[in-house]
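# Coordinate analysis (summary)
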Amino acid sequence: MKLVRTPMIAWILLLFAAMTIGGMAIFLLQQQQASLLRMAGEARRVKLETEAATINLTVTETRESLAGELATLSDPGLLNKLENWRLSNPLIRNVFLWAPGSKLIFPNPSQPASSEEQDFCNRYASLFSGQHPWALPRKESDLPSDQFQARRELTQLAKTVPTAESSSSRPPATSITTAAGGWLPWFWEDSLHLLLWMQTADGRRFGIELEMAALLSRLVTILPPPAHDDQSLALLDDRGNIVHQSGRIDPSEPAAQVMTVPVGDSLPHWQLGLYSNAADPQGKTTPYLLVGGLLTLTLVCTILLGGSLLLWQARQGLRDARRKTGFVANVSHELKTPLTSIRMYVEMLEESPQIGEERRMRYLKTIGDEARRLTRLVNNLLDFSRLEQGRKSYRLAQTDLHQLVERVATSQLPRLQTLGLSLQLNLDRDEVLIDTDSDAVEQVLLNLIDNAIKYAAEGKIVKVSMQSKGDQVEITVSDQGPGIPAAQREKVFEMFHRIDNALTSHQQGCGLGLSIARQLLRDLGGNLRYTPGQGLGSSFIISLPLTAQPPERRP
Ligand code: ADP
């Protein structure tokens, strides 16, 4: 009992260890995946912020460049210069001139030249009428941050060779900082408009309104392609509408917004967004956990499989050990019983020399029977050992099976009759000639009849029949005893296996007969199998090939 439990406990410990390792591995994988996701998200945010800063810088540069040019305009003919500038520069949508006292000189609100001028006047009515303050002149705090400045310097450096236009006609972008003026983000009907203005010495104010579409067309060129095919970048206006996108956003499958960052103060409330069409918008980290999980599962399964194999081996070893112990006990008992009776009868003959002839003959016959039983047992053991080692040799000779079966069966008649059993012989042909080892077949037949006598004497009838079936001949030994339970029908052919019941325990034997018989027949190209009898009883069927086959050699 203790021996059975030890491998079980070892296996439970192994299971516990494997589960712990598996659990810890999954936990660590989850942690690792979460950290990877965090890092990937952080990297995406930094990249997006960099792109947003580039857009912010581009807008600021455009604005400052325009502001620089605006600062160079002056009287006389300021209005004409403004109008000409508007016509020549697509970035300018409208120009204006305003005098103190909340008076818009150009465009004339009472006589606008076009609907565009009319809209412009309406749009900025509250500003020009003095209800809304103008943007204050630029202060130090409005100046770009260090990072912003560094980025601008890098951009400037990239443009190493100044073009003729940039060096001659355009004033330096910094000139705006010295003039009185400013820029004004203006929200009208949920849309952003940008206004740039300057103040003359006499207090008049003039300026331009930026053309947002033209500004956007500049931004389009600087928005980089997305890092992955299933990702896209999008510039969102203050209403959250996509004004420009880089990368594919499938209209049929709306892309998931991964994150957004504000563009900056040059485009207030505008945002740069990252979109993903992938099933897993967080990134392609799921396979990491999947592959890791599969590896862990494989590891746990391997450990459990190895453990189960060890347990199976241990149990097998235990069963073999038990069988061998049982075998030694059985064999000792088998040897002891005939030896005891031989010794007893010999002593009786020695001690009583005057014993009658008839009793002397009976004693001698018993001694002979017991000696033959001993021989059979020893032969069985020798066969077993030879078969185990693959050393069993066969002598093939033409044999008349009909004759052999009849001879062996009738030789057992006296024994059967003594126990009140009758023999029924049913052999369908007169002569069945096959090349086989007649001793081996006889041994098998004797063993089956012996078993019928030992385990099925209560059935009173033993039937031996023979018939040809195709290229085989079958010899069946049937009895009407208790039969063999379904679960044991194959096991009885295993070495040392005996059915654990009262009937078997009262009979001598060591569980070798059937396993040896089956092996002998298989070596001769045949087989031995069991079928339950009609109602009660057992049938053992010997099959042999009609045409000779060389005996099989087992390793
Ligand atoms: P042994 O007879 O030495 O025990 P066998 O290999 O000949 O060994 O038989 C194995 C077991 O099969 C027997 O112990 C017995 O329990 C069972 N057995 C064999 N033949 C019969 C039969 N005709 N009827 C019932 N049980 C049988």
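Residues numbered from 1 in each chain as written. Predicted model: local features only at pLDDT ≥ 70, side-chain atom pairs only at ≥ 80, totals over all residues. Heavy atoms only, no water.

Strand order in the open sheet formed by five strands is S2-S1-S5-S4-S3, and the pairing between neighbours is antiparallel. Strands with a single pairing partner mark the edges of an open sheet, and in this sheet they are strand S2 (103-106) and strand S3 (181-188). Across the sheet, the mean angle from the axis of one strand to that of its neighbour is 30 degrees, orientation sign disregarded. Relative to strand S5 (residues 205-210), strand S1 (residues 92-99) runs antiparallel, the two sharing six bridges. Looking across to S5, one finds that Leu97 is bridged to Phe206. (Pairing = 2+ DSSP bridges. Helix = DSSP H or I, 4+ residues; strand = E, 2+ residues; numbered from the N terminus. Axes fitted to C-alpha atoms, helices over the stretch in contact; angles between N-to-C directions.)

Further remarks concern the sheet that holds strand S8 (residues 256-262). Within the open sheet, the four strands sit side by side as S7-S6-S9-S8. Their pairing is antiparallel. For this open sheet the edge positions go to strand S7 (242-246) and S8, each flanked by a neighbour on one side alone. Looking at each pair of strands side by side, their axes are set apart by 25 degrees on average, direction ignored. Here S8 runs beside strand S9 (residues 271-276); their pairing, made up of six bridges, is antiparallel. By the bridge assignment for S9, Gln257 is matched with Tyr275.

One face of the sheet, then the other: side chains in a regular strand alternate in exactly this way. Direction of pairing for S1 relative to S2: antiparallel, over a ladder of three bridges. Bridge pairing links Leu97 to Phe106 in S2. If you look at the hairpin formed by S1 and S2, you'll find three residues sitting between the two strands, and Gly101 has a positive phi there, around 90 degrees.

Further remarks concern the packing of helix H12 (residues 438-455) against helix H14 (residues 513-523). Running from N to C, H12 and H14 cross one another at 150 degrees; their axes reach a closest spacing of 10 Å. Comparing the axis directions of H12 and H14 gives the class roughly antiparallel. In terms of crossing hand, the pair formed by H12 and H14 is left-handed. Where H12 approaches H14, its residues Ala440, Gln443, Val444, Asn447, Leu448 and Asn451 are matched on the opposing element by Gly513, Leu514, Ile516, Ala517, Leu520 and Leu521. (Parallel < 35°, antiparallel > 145°, perpendicular 65-115°, else oblique. Left-handed = near helix turned anticlockwise from the far one by under 90°. Contact = heavy atoms within 4.5 Å.)

Another aspect to go through is the pattern of salt bridges. Applying the stated criterion to the full structure yields 20 salt bridges. Between Glu51 and Lys47 there is a salt bridge, with its nearest N and O atoms 3.4 Å apart. Taken together, the positions of Glu51 and Lys47, both in helix H1 (residues 2-72) and four residues apart, correspond to about one turn of that helix. With its nearest N and O atoms 3.1 Å apart, the salt bridge here joins Arg518 to Glu490. Placement of Arg518 in helix H14 and of Glu490 in the loop between strand S14 (472-479) and helix H13 (502-505) is noted, with a sequence separation of 28 residues between them. A residue is classified by how much of its surface remains accessible, and Arg518, at 10% relative accessible area, is buried. Each of Arg93, Glu116, Arg123 and Glu209 takes part in one network of salt bridges that share partners. (Salt bridge = Lys/Arg side-chain N within 4 Å of Asp/Glu carboxyl O. Buried < 20%, exposed > 50% of the residue type's maximum accessible area, 1.4 Å probe, protein only.)

The residue Arg391 is located in the loop between helix H9 (357-389) and strand S10 (397-400) in this model. Contact partners of Arg391, with chain neighbours within four places excluded, come to Ser385 and Arg386. In terms of polar contacts, Arg391 uses its side chain to reach the side chain of Gln389, at 2.7 Å. (Polar contact = N/O pair within 3.5 Å; in protein donor to acceptor, adjacent residues only side chain to side chain.)

Among the six residues of S5, six are classified as buried, and the element is accordingly described as predominantly covered. Of the two faces of S5, the one carrying Arg205, Gly207 and Glu209 and the one carrying Phe206, Ile208 and Leu210 are both buried. Where strand S4 (residues 191-199) folds back on S5, the antiparallel hairpin that results is connected by five residues, among which Gly203 adopts a positive phi of roughly 90 degrees.

Further remarks concern the confidence of the model for the protein chain. Averaged over every residue, the pLDDT of the protein chain is 82; residues scoring 70 or more account for 85%. Of all the helices and strands in the protein chain, helix H6 (residues 164-168) carries the lowest mean pLDDT, 37, while strand S16 (residues 538-545) carries the highest, 96. Below a pLDDT of 50 lies the segment residues 136-145, which in the model reaches 11 contacts outside its immediate sequence neighbourhood of four places, other chains included. Considering only residues more than four positions removed or in separate chains, one finds that residues 158-179, a stretch of pLDDT under 50, has 16 contacts. (pLDDT = per-residue confidence, 0-100.)

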